[in-house]
Structure formats: C-alpha cells, structure tokens
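# Coordinate inspection notes
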Amino acid sequence: MRYADFVDFSYKPKTTDVICDFYVEPEDISLKEAAGGVAAESSVGTWTELTTIKPYVEKLAAHVFSIDGNNIRIAYPIELFEHGNMPNILSSVAGNVFGLGALKNLRLNDIHLPRELVRSFRGPKYGIGGVRELLGVKDRPLVGTIIKPKLGLETKDHAKVAYDAWAGGCDIVKDDENLSSQRFNPFDDRVVATLEMRDRAEEETGEKKVYMANITSETEEMLKRAQFIQDHGGRYLMIDILTCGFSALQTVREQDFGLVIHAHRAGHAAFTKNAKHGISMTVIAKVSRIIGVDQLHVGTVVGKMSESREEVSENTEAIIAEMGGLKKVLPVASGGLYPSLVPALMKFFGKDFVIQAGGGIHGHSDGTVSGATAMRQAVDATLQGVSLKEYAKSHKELQAALETWK
C-alpha cells in the first residue's frame with residue numbers, strides 16, 4: 001500500500017474508531033502524500049510496497065478522511081490498539097511519525113477515543129464533585145498555594161510555611177514540581193511534619209485542609225510514597241505526569257490508594273509550545289483524564305504563562321466535557337497569580353477551579369498568612385460582586401496586596 005492509498009475522503013468514521021486531528025506541513029512531497037504517510041506509518045503501512053500485506057491486514061489501515069488546508073483528520077480502527085494500554089495508543093498515533101523526513105512539521109492537535117477504549121482505563125476517582133465533598137467547599141473556587149521558595153527550605157520551615165498558608169485561608173498547599181526527597185527536606189520527614197501542621201490548621205480554622213506531597217520518582221518508589229501518605233492520614237498526592245510517564249501514572253491510579261491525584265504538567269511546553277509541531281496540551285489533558293487524574297494544571301489566561309485564552313479554554317473543555325462517562329477533572333490555574341487577577345480568573349473559569357498562587361501569596365508584604373488572607377478576600381469580594389478596590393477599604397490584607405501587585 002502506497003501513502004496515497006491511505007487517503008479516502010469517502011470513508012465514514014465508525015463510532016469505534018480513534019480519531020486524530022493533525023496539523024501537517026510537507027517537506028518535499030504533496031500534502032495528500034504527507035497526510036497519507038502519517039496514516040500509513042501510524043497504522044499498517046510503510047515507505048515502500050510490502051509482500052507481507054494480507055487482505056485482513058488491509059482492513060486495519062488508518063484512513064485520512066479529511067484535509068482542510070494543513071489540517072487533516074485520521075480514523076484508526078479500534079483493533080489497532082490494546083485496551084488499557086496508553087503507551088501503545090500513543091506510540092502508534094504520536095510516535096515515529098514525528099520523525100518522518102518528508103514532513104517539515106507535524107502536530108497532534110486533538111485525539112478522540114471511543115467509549116470502549118476510554119472505559120478500559122480507571123478514569124478519575126474523585127473529580128470535581130469528589131474534591132469538593134472532601135474539602136466541604138461547595139460554592140467558591142478553591143484557594144491553593146505552592147511552597148516558595150520551591151527548593152531549599154528545611155523540613156521544619158517548609159511545614160511552617162504550609163501552616164501559615166492554611167491559617168490565612170488556603171484550602172490547599174502543595175510541593176513544587178522539583179521538590180522530591182532531597183537531603184535538606186526528605187520526603188518522609190516532610191510529609192509527617194506538614195500533615196501535623198495541617199491538623200493544627202484544621203483545628204484552629206474549622207476548615208478542611210489538604211497537602212499535596214510530590215511523590216514523583218521511579219515507579220516503585222512512587223508507590224511506597226503514596227502508601228506512606230495514606231498511612232499518615234494524607235488525602236492527596238501529586239505527580240509530575242510527563243516526567244514520570246503515563247505508565248507510572250497509570251500504575252499509581254490502579255493501585256487505588258484512595259488519594260486524590262493532583263497532576264502537574266512540568267515539561268509540557270516541550271511538546272505543546274510550538275503551534276506547528278509536537279503535541280497539544282489538549283491531548284495531554286485528555287490522556288491524563290482517561291488514565292485517572294482528579295485535577296490538572298490547564299493554564300491561567302492571565303499570569304506569567306504563555307498559553308492563549310483559546311488554548312486554556314480548550315484545555316479546560318478537555319477535562320470537563322462528557323467523555324465516556326468519566327468524572328470531570330478539576331482545572332487548576334497556576335503561574336504568576338496574585339489577588340488582583342482573581343476577578344479575571346473567575347470570569348473565565350467560573351467557580352469550579354483552583355486558584356493556585358505561589359509568589360502571589362508568599363510575596364505579600366506582611367507575610368504568608370496575610371497573603372493567603374488577601375487571596376481569600378479577593379475571592380469573597382468577587383463572589384459578592386464588589387470591586388477589589390472597594391473591598392480593600394475594609395480589608396487591610398487585600399489592600400496591601402493591591403499596592404504590591406498592580
């Protein structure tokens with residue numbers, strides 16, 4: 001079968017097909033041949049005619065059924081994929097095709113898995129509803145922070161920063177993506193000390209608080225760390241899903257520790273930032289949801305990250321839209337956030353998301369407690385329809401924050 005044989009505009013995708021949306025730029029061949037090449041090399045074809053192709057193999061060929069400018073759509077028969085095996089699925093549709101010399105650029109913009117494949121994975125255990133029930137927060141965004149500085153604090157100081165954040169009004173405190181079990185702050189010691197501060201904060205505030213300890217490591221070590229969190233009364237774990245890999249993520253999810261899984265997307269821009277080549281964050285979001293994360297970083301619209309409003313919207317839709325009956329994943333906005341940005345964030349996301357600020361809390365002129373208080377005040381003001389400037393007249397923490405971050 002030649003590349004061109006994989007292009008068939010008369011093909012009508014089946015409900016069981018995997019559908020992939022690609023952006024394609026050929027190097028020195030026609031767009032049609034390039035499109036066919038992607039379909040061929042990601043299914044049953046290759047660069048030359050084969051003597052080993054059988055009639056039953058031809059029935060498993062992927063079909064390019066749409067070409068619109070440089071955007072193509074390919075349908076893959078479900079028989080090409082092993083159920084419950086995300087590496088297999090991605091190795092097929094997002095594997096060697098990126099290295100084809102005949103292509104100048106190739107980007108996987110979206111993926112649509114049929115219900116049968118989706119349901120072969122666990123999916124989120126908690127999702128938005130479960131997280132809200134756990135925390136007892138039903139009618140506002142959750143407020144979270146990342147311990148800053150992200151690295152270097154000793155265990156006792158790390159735990160104290162966490163306590164201050166909770167005492168000031170944060171619901172969530174999490175490790176940053178590169179804090180693991182370094183000598184200055186060993187994992188086991190940190191979990192014990194920080195959960196003790198969580199318990200103290202809950203007793204003093206009357207609110208539920210959660211700590212997301214980063215378990216990212218070699219897979220067996222991740223399982224030990226998740227078990228350690230569970231054994232010590234933790235409710236959450238955090239995983240750098242791209243650097244540890246989807247297989248490791250799936251292993252943790254299928255152990256069913258009963259812990260909420262917070263997914264950090266560290267490294268995603270290596271795949272997603274180039275609009276013409278790589279893999280979109282929407283694809284990563286869908287794959288993560290199918291495997292079973294409960295909340296996921298999706299971008300901010302405002303703040304320091306580069307994603308556009310449209311991209312953040314697409315990322316968010318990927319984790320809350322109907323998908324094979326899976327629970328909705330809680331969107332997390334993080335990256336350069338501070339109280340002044342809360343109205344814009346809530347206008348975009350609504351109430352079902354996490355406002356996660358690091359420097360925008362710990363950089364408050366009066367310290368972490370006031371920084372967390374200011375963030376909660378910004379949420380309260382926005383919920384009440386009162387401008388932050390007006391609300392700040394009677395709330396000194398918010399006033400100081402507005403003066404620090406314009």
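Structural data are supplied above this passage.
This text gives an overview of the structure that appears in the document. Owing to the predicted nature of the structure, the values given are computational and were not obtained by experimental measurement.

The next subject is the overall build of the protein chain. Of the regular secondary structure elements, the protein chain holds 18 helices and 13 strands. Computed over its C-alpha atoms, the radius of gyration of the protein chain comes to 23 Å, within 12% of the 22 Å expected for a compact globule of 406 residues. Here the protein chain holds 406 residues, and the buried ones make up 56% of them. Long-range pairs, those at least 24 residues apart, make up 75% of the contacts in the protein chain with a sequence separation of at least 6. For the protein chain, the exposed area adds up to about 17100 Å²; of that, 48% sits on carbon and sulfur atoms. The averaged location of the 53 negative side-chain charges in the protein chain is 4 Å from the averaged location of its 47 positive side-chain charges.

Let us now look at the packing of aromatic side chains. Throughout the structure, instances matching the rule amount to five aromatic pairs. When the ring of Tyr 76 is compared with that of Phe 81, the centres are 6.1 Å apart and the planes differ by 65 degrees; the resulting orientation is edge-to-face. For the pair formed by Tyr 76 and Phe 81, the shared burial category is buried. Following the ring pairs from residue to residue traces out a cluster consisting of Phe 348, Phe 349 and Phe 353. Lying over the aromatic face of Tyr 163, Arg 200 brings its terminal NZ or CZ to 4.1 Å of the ring centre. Of note, Arg 225 hangs over the ring of Phe 187, and the distance from its end group to the ring centre comes to 5.2 Å.

Attention now goes to the sheet that holds strand 9 (residues 260–264). The parallel closed barrel is built from eight strands, whose spatial order is 5-6-7-8-9-11-12-13. The sheet shows a mean angle of 25 degrees between the axes of neighbouring strands, taken without regard to direction.

Right, let's get into the side chain of Gln 377. Within the secondary structure, Gln 377 is located in helix 16 (residues 368–384). Gln 377 has contacts with Tyr 391, His 395, Glu 397 and Leu 398, leaving out every residue within four places of it along the chain.

Scanning the entire structure with this criterion turns up 21 salt bridges. Among the salt bridges present, the one from Asp 352 reaches Arg 132, with a minimum N-O distance of 2.9 Å. Of this pair, Asp 352 sits in the loop between helix 14 (342–349) and strand 13 (354–357) while Arg 132 sits in helix 5 (residues 127–135), and the two are 220 residues apart along the sequence. The partly exposed category is assigned to Asp 352, whose relative accessible area is 36%. A relative accessible area of 10% places Arg 132 in the buried class. We note a salt bridge from Glu 204 to Arg 200, for which the minimum N-O separation is 3.2 Å. Taken together, the residues span about one helical turn, with Glu 204 and Arg 200 both in helix 7 (residues 187–205) at a distance of four residues. Given a relative accessible area of 47%, Glu 204 falls into the partly exposed group.

Criteria and thresholds
Residues numbered from 1 in each chain as written. Predicted model: local features only at pLDDT ≥ 70, side-chain atom pairs only at ≥ 80, totals over all residues. Heavy atoms only, no water. Helix = DSSP H or I, 4+ residues; strand = E, 2+ residues; numbered from the N terminus. Rg over C-alpha atoms; globule rule 2.2 N^0.38 Å. Buried < 20%, exposed > 50% of the residue type's maximum accessible area, 1.4 Å probe, protein only. Contact = heavy atoms within 4.5 Å. Areas by Shrake-Rupley, 256 points an atom, 1.4 Å probe, with all protein chains shown as cover. Lys, Arg positive; Asp, Glu negative; His and termini not counted. Charge placed at Lys NZ, Arg CZ, Asp CG, Glu CD. Phe/Tyr/Trp six-rings, centres within 6.5 Å; stacked < 30°, edge-to-face > 60°. Lys NZ or Arg CZ within 6 Å of the ring centre and 35° of its normal. Pairing = 2+ DSSP bridges. Axes fitted to C-alpha atoms, helices over the stretch in contact; angles between N-to-C directions. Salt bridge = Lys/Arg side-chain N within 4 Å of Asp/Glu carboxyl O.

The analysis is restricted to geometry; functional conclusions fall outside its scope.
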